[in-house]
Amino acid sequence: MSDLPLLTILILVPLVGALAVAFLPGAGDQPKRLGLLFSVLTLAVGVVLAASYDVGDGGLQLTETHEWISAFGVHYALGVDGLGLLMILLTVALVPIVLLAAWNDDEQSEGSGARRFVAWTLALEALSLTVFAATDVFLFYVVFEATLVPAYFLVGGFGREKRSAAALKFLMFQLGGGLVLLGSVIGLYVVSAQQGSPSYLYTDLQQLDISTEAGRWLFAGFFIAFAVKAPLFPLHTWLADTTEQATPPTSVLLVCVLDKIGTFGMLRFCLGLFPEASEWATPLVVVLALISIVYGAFVAIGQDDILRLIGLTSLSHFGFITLGIFVFTAQGATGSILYMVNHGIATAALFLLAGFLIRRRGTTLISQMGGLEKKTPVLAGLFLVAGLATVGLPGLSQFVSEILVLISAFDYRWYVGAVAVTGIVLSAVYMLWAYQRMMTGPDNPAGDTSDLNRREVLVLTPLMVGLVLFGFYPAPLLDVSNPTVYTLLDGTGVPDDGPDVPIGTTGGHEESED
Amino acid sequence: MEFDKPVLAYAELWPMLVVFGVAVAGVLVEAFLAREHRFRAQVALTLLGLVVALGGSIYVASELDTLRGGDSDEVVARGTITAGGTLVVDGPTVALWIMTLVFAIGGLLLFAERRLEGGLSAFAGQAAALPGTEAEREASTKGLDHTEVYPLAMFAVGGMLLFPAANDLLTMFVALEVLSLPLYLLCGLARRRRLLSQEAALKYFMLGAFSSGFFLYGVALIYGFAGTMNLAGINEAVRNDSSNQALLLIGMGMLAVGLLFKVGAVPFQSWTPDVYQGAPTAVTGFMAACTKVAAFGALLRLFYVAFGADRWSWQPMLWIVAILTMVVGAIVACTQTDVKRLLAYSSIAHTGFLLTGVLGVQAATSLGENEITSLQAVLFYLATYGPATIGAFAIVTVVRDAGGEATSFEKWTGLGKRAPLVAGVFGFFLLSMAGIPLTGGFMGKWAVFTVALSAGAWPVVLVAILSSIISVFFYVRLILLLFFRGEMPEEKEMAAADAEDAGGGVATATRTELATVTTPSLATTGVIAVTAALTLLLGVMPGPVLDLLADAGQFIR
């Protein structure tokens, strides 16, 4: 197995699929079937990848390195660590689900809509997988930006009336962040060229001796780009507008896969390449994360549009993830990585359920729904489960990650933890209140009130299984992420004397503050 | 005073001489061949000439003498100085020749397009006939065609080849005029919207003549300072002579005015939008790509070779010009509603990015091992900019309505629905100009920003990044217009309501007539396909081109 370029195959399968769907003839359901086939194939390759991954090793594995542009010191270099593997698995698992969930969405869209949707989705999958596997900063940057093209066409091509404006706003924010990142990427080249032959390989860059000032500037470029992507207050304003106008399956791809690139990048590049600057920026980042948590939750409470609401809850969640990353403890980082996976699952479920609901009621406004519990008990029940998962109910997956992040937040400074905890309380408010307004109350007869059909249940089953399974038994996720976290934190040189087994314990001691 | 007959290195110069020879032969064809045969003869002659010159340039490139230097006796440059020190054929010259010739072939294939206008070219039937007169109608019914455009274009190409090869100021001036004069004429020869076209030509000519005057005055002042026209001699004088600094500075400024005008840098950009819009689109494409290559070649040679030692005097000026050019180009482009004008302003912004690369000049000793040089970066940017520009203008020629080319945004609305392939390729060119990864434009941008940052010009790079963000806005807005407008329900309803109001129940819609794509001949299709392929190739596999440019080495003096 080891000599097979697994990661390249993993990227090529959806890419070929995208081209095949776009250009092969075929009417009716055929493009969708073809797309689903390719996405399932990708999932299979992902499973093989996971099987050949050595869990005990926290470094980069399954690496492939080829020279790409020698004049720029650029390589086509791929490799995964635990973090990358989890993100890749999340992506390959979500795409078939999204394709299946969007199966009938082209009813509203004309003729070639389904073909375009499937092709762009697969293209997005291929590029996102490359982002998570890239170990050359230039390659990472290229695909980081390139993911925006399919995302742009997905937002702009499908969805509600004001989608073209939303697509423009989305793209402007993302490209703006991306160009700031370009400045830092170029800066890395300059630093690298000054110290010998220029190279963009991640491992080479880690060896670089970056001066404190240069490191901080470069860090700022990387961090801003990732803060737009993730998103973090105050660069989040595109998020709710985009999720409001895009179709729910597109939102799943954006929020659950694409936005993870932001937090992935913070862990991989901000912490990995600029440990000193990351520590230096911690107070600011923590404040921004806390604002995101509380502000996102408050704004979510005030929403009447269910798609906006879910989008804004993600702002709050990304605040938690960022907080976990920047407190520099093993539990925090582990919690964040878990959070990224669990948030992906729970939010995907919420978006898809909201999509099914909207199709039935013909409205996205919470105030015009109501009384669905009796008519559609399965839909309502699953919505409640997914909602409670995002609230962090023990026994559902997000609880584990949330508690890890909170513990390390309290560990970092007690008041940081105290503020972060309010996010949980507020999340209970927005989620339960939304549930109450949408599902309970008097009957609201307008629209279709059929319960979930078999396809829809099939779509949600893996997500629900994931929510419950990882809630009770997060060990597989921890096994994969822990070695990576230790390798990463070793590199940052921040002493971490927290306990090794994070679940169920009360967290580490105060970090060295002097 | 003794007069030595200069020795011409024909072995190196012959590609340029072929181009001039073909231009002269083209004039003879005009004089002696019957009208109905001229088109074929001219097109064949011109393309043959360009292809031979291109092949010749590639051959010359492989045979250049090498100059070794440094501790490790590496090849640092290649080439020879010839014609009594007035011409230099070195690696960068030949690289610029190859680029110019490739883009010229693309541009001239667009000239030869006759299917779009129903068997006629895009050039005026009889330029001498006043617009709107009987004579004009007559010329048009007779199906007259100006085949003089081919020799004119060839003269321009000849001038463009001479421009970056000039090693003394007077030759540079002659080349500048040889390349400019035919372009002024070509701009005024549009078949449709002739007044606009003639206005463009006049404006270009007036301002061009003015800027040539500045250039010439600068030549005189520099001669006064250095006592020589030769670039190497000027360099010598700059190094040794600290008197007469005022003469040097003013002369340098004057020369810069002439060159910055040609590349369309702020504050000498005002001709660009009008000329780009008024000129026949084929000419615009040709001019935009080729003039920029030639003029940047000359600019680089002048500032690096002649004034390289006085970097600290001219760099602040170029800093300001680059910043202004990028910012003005990007911001004003946001307000445009015409595709050709938008591309014109985007070309101004690109000039700014190229100037950013020019600022990246560093002493060879301060460069790291294998680090990309400023010259390499600028040449590479030009190589990526040319195909995208020619391709974009080629697409503008095929998007038409009853009145000819439709260039207003209104008419391009929803083109993605009517002609997905053409709109998709156009979108791809726009993405390349915006510098999105996996296109040539991104790699070019990366290269020029890198060299500028290496040289410490971080404020310029910062502005460059900010203006890139602004420019992304107008490119993306246009893409949005192409693909996502005109399909929104409320717009459809509004359109339907409009139709009802106007027609009083009659089903004839009175919406603005939208442009459609007219199928062009193989020439235009080929140009679009090849430029798109080049743009993609340079975005995915820029390595070979970059390596070739690195092999070309530095300027020689």
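As shown above, the structure is provided for reference.
Bear in mind the structure is a predicted one, so any value in this text is a computation, not a measurement.

**Notes on the overall build of chain B**
Within chain B, the regular secondary structure consists of 22 helices and six strands. Computed over the C-alpha atoms, the radius of gyration of chain B is 24 Å, within 12% of the 24 Å expected from 2.2 N^0.38 for a compact globule of 557 residues. Buried residues in chain B amount to 60% of all 557 residues. At a minimum sequence separation of 6, the contacts of chain B that also span at least 24 residues come to 80%.

**Points about the pattern of salt bridges**
Residues and elements named next belong to chain B. Under the definition given, this model contains 16 salt bridges over all chains. Residue R192 pairs with E117 through a salt bridge whose shortest N-O separation is 2.9 Å. Here E117 lies in the loop between α3 (91-111) and α4 (134-142) and R192 lies in the loop between α6 (169-187) and α7 (194-226), a separation of 75 residues in the sequence. For E117, the salt bridge identified is with R400, shortest N-O distance 2.9 Å. Of the two residues, E117 sits in the loop between α3 and α4 while R400 sits in strand β4 (residues 399-401), which places them 283 residues apart along the sequence.

**Some words on the interface of chain B and chain A**
With 42 residues of chain B at the interface, the matching set in chain A holds 38 residues. Both sides of the chain B and chain A interface together cover about 3,500 Å² of buried area, and 77% of this is carbon and sulfur. In terms of surface lost to chain A, no three residues of chain B exceed B:W446, B:I469 and B:F484, which account for 18% of the buried area on that side. Connecting chain B to chain A are zero salt bridges. Taken together, the links from chain B to chain A amount to three residue pairs in polar contact (both at pLDDT 80 or more). For the side of chain B that touches chain A, the secondary-structure elements that each account for two or more residues are α18 (440-454), α19 (458-484), α20 (489-503), α21 (522-540) and α22 (543-552) of chain B. Take the side of chain B that touches chain A: its biggest share by element is 11 residues, from α19(B).

**Concerning the packing of helix α11 (residues 248-258) of chain A against helix α15 (residues 330-361) of chain A**
Residues and elements named next belong to chain A. Running from N to C, α11 and α15 cross one another at 165 degrees; their axes reach a closest spacing of 9 Å. As the angle between them shows, α11 and α15 are arranged roughly antiparallel. Classified by chirality, the crossing of α15 by α11 is right-handed. Mapping the contact onto sequence places P248, P249, S251, V252, V255 and C256 in α11 and H343, G344, T347, A348, F351, L352 and G355 in α15. The residue inventory of the contact of α11 with α15, partitioned by class, reads eight nonpolar, five polar and no charged.

**Topic: the packing of aromatic side chains**
Per the stated rule, a full pass over the model turns up 53 aromatic pairs over all chains. The interplanar angle of 65 degrees and the centroid separation of 5.4 Å between the aromatic rings of A:F170 and A:W238 together place this pair among those described as edge-to-face. Residue A:F170 is located in helix α7 (residues 163-194), and its partner A:W238 is located in helix α10 (residues 237-245); the two are separated by 68 residues in the primary sequence. Pair check on accessibility: A:F170 and A:W238 agree, each one buried. Here the aromatic residues A:W68, A:F72, A:F138, A:Y141, A:Y189, A:Y200, B:F442 and B:W446 are joined through ring pairs into a cluster of three or more. Here the guanidinium or amino end of A:R413 rests over the ring plane of A:Y412, the centre of that ring lying 4.6 Å away. Just above the ring of B:W312 sits the side chain of B:R311; from NZ or CZ to the centre is 5.0 Å.

**A closer look at a nonpolar patch on the surface**
Judged by side-chain polarity, A:V465, A:V468, A:L469, A:F472 and A:Y473 come together as a nonpolar surface patch covering roughly 520 Å² of accessible area. Accessibility expressed as a relative area gives 49% for A:V465, which makes it partly exposed.

**Structural notes on the layout of surface pockets**
All names here are of chain A. Of the pockets and cavities examined, the largest pocket occupies roughly 2,000 Å³. Around the largest pocket, the lining comprises 49 residues; the ones closest to its centre are L19, F23, W120, A123 and V149. Looking at the lining of the largest pocket residue by residue, the classes come out as 39 nonpolar, seven polar and three charged.

**Topic: the sheet that holds β4(B)**
Residues and elements named next belong to chain B. With antiparallel pairing, the three strands of this open sheet are ordered in space as β5-β4-β6. With one partner strand each, in any of the chains shown, β5 (404-405) and β6 (516-517) form the two edges of the open sheet. Here two bridges tie β4 to β5, and the two strands are oriented antiparallel to one another. Each bridged residue has a counterpart across the sheet, and for D401 the counterpart in β5 is G404. Sheet strands in contact with helix α14 (residues 374-398) are β4, β5 and β6, and its direction is about 20 degrees off that of β4.

**Looking at the side chain of A:S427**
All names here are of chain A. Within the secondary structure, S427 sits in helix α19 (residues 414-439). Relative accessible area serves as the criterion here: at 4%, S427 is assigned to the buried category. When near neighbours in sequence (up to four residues on either side) are disregarded, S427 contacts T390 and V391.

What counts, and where the lines are drawn
Residues numbered from 1 in each chain as written. Chains lettered and ligands numbered in written order. Predicted model: local features only at pLDDT ≥ 70, side-chain atom pairs only at ≥ 80, totals over all residues. Heavy atoms only, no water. Helix = DSSP H or I, 4+ residues; strand = E, 2+ residues; numbered from the N terminus. Rg over C-alpha atoms; globule rule 2.2 N^0.38 Å. Buried < 20%, exposed > 50% of the residue type's maximum accessible area, 1.4 Å probe, protein only. Contact = heavy atoms within 4.5 Å. Salt bridge = Lys/Arg side-chain N within 4 Å of Asp/Glu carboxyl O. Buried area = accessible area lost by both parts, 1.4 Å probe. Polar contact = N/O pair within 3.5 Å; in protein donor to acceptor, adjacent residues only side chain to side chain. Axes fitted to C-alpha atoms, helices over the stretch in contact; angles between N-to-C directions. Parallel < 35°, antiparallel > 145°, perpendicular 65-115°, else oblique. Left-handed = near helix turned anticlockwise from the far one by under 90°. Nonpolar A, V, L, I, M, F, W, Y, C, P; charged D, E, K, R; others polar. Phe/Tyr/Trp six-rings, centres within 6.5 Å; stacked < 30°, edge-to-face > 60°. Lys NZ or Arg CZ within 6 Å of the ring centre and 35° of its normal. Patch = residues over 30% accessible without salt bridge, like charges linked within 9 Å, V, L, I, M, F, W, Y side chains within 5 Å. Areas by Shrake-Rupley, 256 points an atom, 1.4 Å probe, with all protein chains shown as cover. 1 Å grid on protein atoms, 1.4 Å probe; cavity = no way out; pocket = protein on both sides within 12 Å on 5 of 7 lines; lining within 4 Å. Points joined across faces, edges and corners; volume = space filled by probe spheres on them. Pairing = 2+ DSSP bridges.

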